[in-house]
Each structure stands twice: as C-alpha cells, then as structure tokens.
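# Topology and contacts: notes
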Amino acid sequence: NAGVTQTPKFQVLKTGQSMTLQCAQDMNHNSMYWYRQDPGMGLRLIYYSASEGTTDKGEVPNGYNVSRLNKREFSLRLESAAPSQTSVYFCASSLYGTGLKGYTFGSGTRLTVV
Amino acid sequence: DQQVKQNSPSLSVQEGRISILNCDYTNSMFDYFLWYKKYPAEGPTFLISISSIKDKNEDGRFTVFLNKSAKHLSLHIVPSQPGDSAVYFCAARGNMLTFGGGTRLMVKP
C-alpha cells in the first residue's frame with residue numbers, strides 16, 4: 001500500500017543505548033517530518049526536511065539527529081537514549097511543505113527507554 | 001507555551017447525538033486549520049480543514065467552525081457513530097503544523 005512506512009513498530013532500549021528509527025515514503029513527496037506524541041502534549045515536531053538535502057530543527061530537537069538519505073527516506077537517530085525519550089514517534093510526509101491537507105503519517109514507532 | 005490547545009482531554013457522547021470538539025489558538029498568523037483523527041496503533045489521518053478566511057466548512061457528518069475573533073475552532077460530528085471513537089487533534093498551519101494535545105472521543109452505542 002502507498003504511504004509512509006516506519007520501522008520498527010516497537011522498541012525497548014536501555015538508557016544510553018543508541019538506535020535509528022527508519023521512515024520511507026513512496027508518494028514522491030518532497031517534505032518529511034519527525035514528530036513525537038506524548039500524553040496531553042499532542043504531536044511535537046522534532047526535525048523536518050523541506051526537501052532532499054536539507055534538514056532543520058523543530059520544536060524539540062535535543063537528543064536527536066536526522067538524515068535525509070534520499071527523497072524517499074528520512075531517519076531519526078537517538079545517540080544515547082534517555083527515559084525522557086520514551087514516546088510514540090511518527091514520521092510524516094507532504095508533497096511540498098504544509099499543504100492544505102497537511103501531512104500523511106506513518107503508523108508510528110512506540111519506543112520505551114528503561 | 002502551547003499555541004494550540006484542546007482543553008478537553010476526553011468527551012463521551014451517545015450514538016446519534018452531536019459531538020462537539022473544541023480547539024483554541026493564540027497565534028493570529030495561522031492561516032489554515034486542520035482536524036486529524038487517530039485510532040489506536042495507527043497514525044493520524046486527515047479529516048477536514050478550514051481556511052482562515054472562512055467561518056465554516058462542511059463535509060458529510062463533519063463540520064468545522066472558525067471564530068477568528070475568539071481564536072477558536074470547533075469540530076461538529078452529527079450524528080455521532082461508534083466508529084467515530086478516536087483521538088481527535090486540531091492543527092494550525094504556520095511555517096509548520098502545530099498540533100493541540102488531542103481529545104479522546106467515545107461514542108457509546
């Protein structure tokens with residue numbers, strides 16, 4: 001099915017471990033985003049990539065890095081995981097920036113840091 | 001400081017009645033507002049939107065109202081159905097989308 005694919009769906013990390021969350025879209029979208037969802041906080045933007053070759057910080061970038069590997073793929077890396085990074089992470093994409101129908105989201109990665 | 005707020009974390013409604021979900025914002029530069037619906041273990045999906053130059057947009061059972069002077073928007077679902085039970089997020093467009101905290105809607109049969 002066309003859309004945004006995230007892997008893995010679930011992950012448990014120990015404090016200090018590192019991992020990379022993968023995201024790929026097959027809609028030929030130019031812009032991609034990483035959000036985290038926490039109870040009562042809604043969705044907060046971590047990083048985004050307006051187009052291939054560019055990345056920018058969002059609202060909550062500390063502790064994360066991103067790579068726009070190509071037009072399809074946008075990965076999120078936690079270098080040294082902390083319990084505060086326990087969250088559900090969503091990748092999203094859009095054709096160009098913030099269009100009238102917003103973004104298309106993946107199904108999420110539930111990350112627990114113990 | 002949250003620029004988009006949904007003050008009701010949850011709402012329970014009887015099937016067939018109207019559901020009204022509310023959202024407030026602080027930034028008058030937002031030019032477009034969207035509602036997303038999210039089921040458990042799925043990503044948010046786009047539901048309906050409204051431009052800041054309009055005060056109402058309707059799509060089937062879903063209507064969004066915008067009151068710019070009050071910086072307030074609402075989503076009306078009539079009639080509510082059990083399948084509407086989900087978390088609803090409002091979002092506002094500036095440079096990026098800014099989301100509210102979400103409201104969990106439960107529609108009881």
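Residues numbered from 1 in each chain as written. Chains lettered and ligands numbered in written order. Predicted model: local features only at pLDDT ≥ 70, side-chain atom pairs only at ≥ 80, totals over all residues. Heavy atoms only, no water.

### Points about the overall build of chain A
- Summing up its helical and strand segments, chain A has zero helices and 11 strands in all.
- In sequence order, chain A lays out its α and β elements as β-β-β-β-β-β-β-β-β-β-β.
- Computed over C-alpha atoms, the radius of gyration of chain A comes to 13 Å, within 12% of the 13 Å expected from 2.2 N^0.38 for 114 residues, which places it in the range of a compact globule.
- Judged by the C-alpha coordinates and their principal axes, chain A covers about 35 × 30 × 30 Å.
- Of the roughly 5,400 Å² of accessible surface on chain A, 50% is carried by carbon and sulfur atoms.
- In chain A, the 11 positive side-chain charges and the 7 negative ones have mean positions that sit 5 Å from each other. (Helix = DSSP H or I, 4+ residues; strand = E, 2+ residues; numbered from the N terminus. Rg over C-alpha atoms; globule rule 2.2 N^0.38 Å. Areas by Shrake-Rupley, 256 points an atom, 1.4 Å probe, with all protein chains shown as cover. Lys, Arg positive; Asp, Glu negative; His and termini not counted. Charge placed at Lys NZ, Arg CZ, Asp CG, Glu CD.)

### Comments concerning the interface of chain A and chain B
- Listed as interface residues are 19 residues of chain A and, on the opposing side, 19 residues of chain B.
- Regarding the contact of chain A and chain B, the summed buried area is about 1,500 Å², with carbon and sulfur atoms giving 65% of it.
- It is A:L43, A:T98 and A:L100 in chain A that bury the most area against chain B; as a group they hold 34% of the surface buried on that side.
- Linking chain A with chain B are zero salt bridges, by the criterion used here.
- Our count for the contact surface shared by chain A and chain B stands at three residue pairs in polar contact (both at pLDDT 80 or more). (Contact = heavy atoms within 4.5 Å. Buried area = accessible area lost by both parts, 1.4 Å probe. Salt bridge = Lys/Arg side-chain N within 4 Å of Asp/Glu carboxyl O. Polar contact = N/O pair within 3.5 Å; in protein donor to acceptor, adjacent residues only side chain to side chain.)

### Here's the deal with the side chain of B:T63
- Within the fold, B:T63 resides in strand β7 (residues 62–67).
- Not counting residues up to four positions away in its chain, the partners in contact with B:T63 are B:I48, B:K56, B:N57, B:E58, B:S74, B:L75 and B:H76.

### A look at the confidence of the model for chain A
- This prediction gives chain A a mean pLDDT of 94; 99% of its residues lie at or above 70.
- Strand β5 (residues 42–49) of chain A is the least confidently modelled element of chain A, averaging 94 in pLDDT, while strand β8 (residues 74–78) of chain A averages 98, the highest of any element. (pLDDT = per-residue confidence, 0-100.)

### As for the environment of A:S49
All names here are of chain A.
- Relative to the elements of secondary structure, S49 occurs in strand β5.
- Classification of S49 by relative accessible area gives buried; the value is 0%.
- In the structure, S49 is positioned 15 residues away from W34 in sequence and 9.0 Å away in space, judged by C-alpha atoms.
- In this view, S49 contacts N30, S31, M32, T54, T55, R68 and F74; residues no more than four positions away in its chain are not counted. (Buried < 20%, exposed > 50% of the residue type's maximum accessible area, 1.4 Å probe, protein only.)

### Regarding a nonpolar patch on the surface
All names here are of chain B.
- Together, I18, I20 and V78 give the surface a local cluster of nonpolar side chains, amounting to about 230 Å² of exposed area.
- Structurally, I18 can be placed in the loop between β2 (10–14) and β3 (19–25).
- According to the relative accessible area criterion, I18 is partly exposed, its value standing at 41%. (Patch = residues over 30% accessible without salt bridge, like charges linked within 9 Å, V, L, I, M, F, W, Y side chains within 5 Å.)

### A word on unusual backbone geometry
- Here the amide bond leading from A:T7 into A:P8 is cis, since omega sits at -5°, within 30 degrees of zero.
- Residue position: A:P8 is located in the loop between β1 (4–7) and β2 (10–13).
- With an omega dihedral of -10°, the bond running from B:V78 to B:P79 counts as a cis peptide bond.
- Unlike most non-glycine residues, A:N28 shows phi in positive territory, near 60°.
- Tracing the backbone through its elements, the reader meets A:N28 in the loop between β3 (19–25) and β4 (31–38).
- The backbone of B:K71 sits at a positive phi, close to 50°, despite the residue not being glycine.

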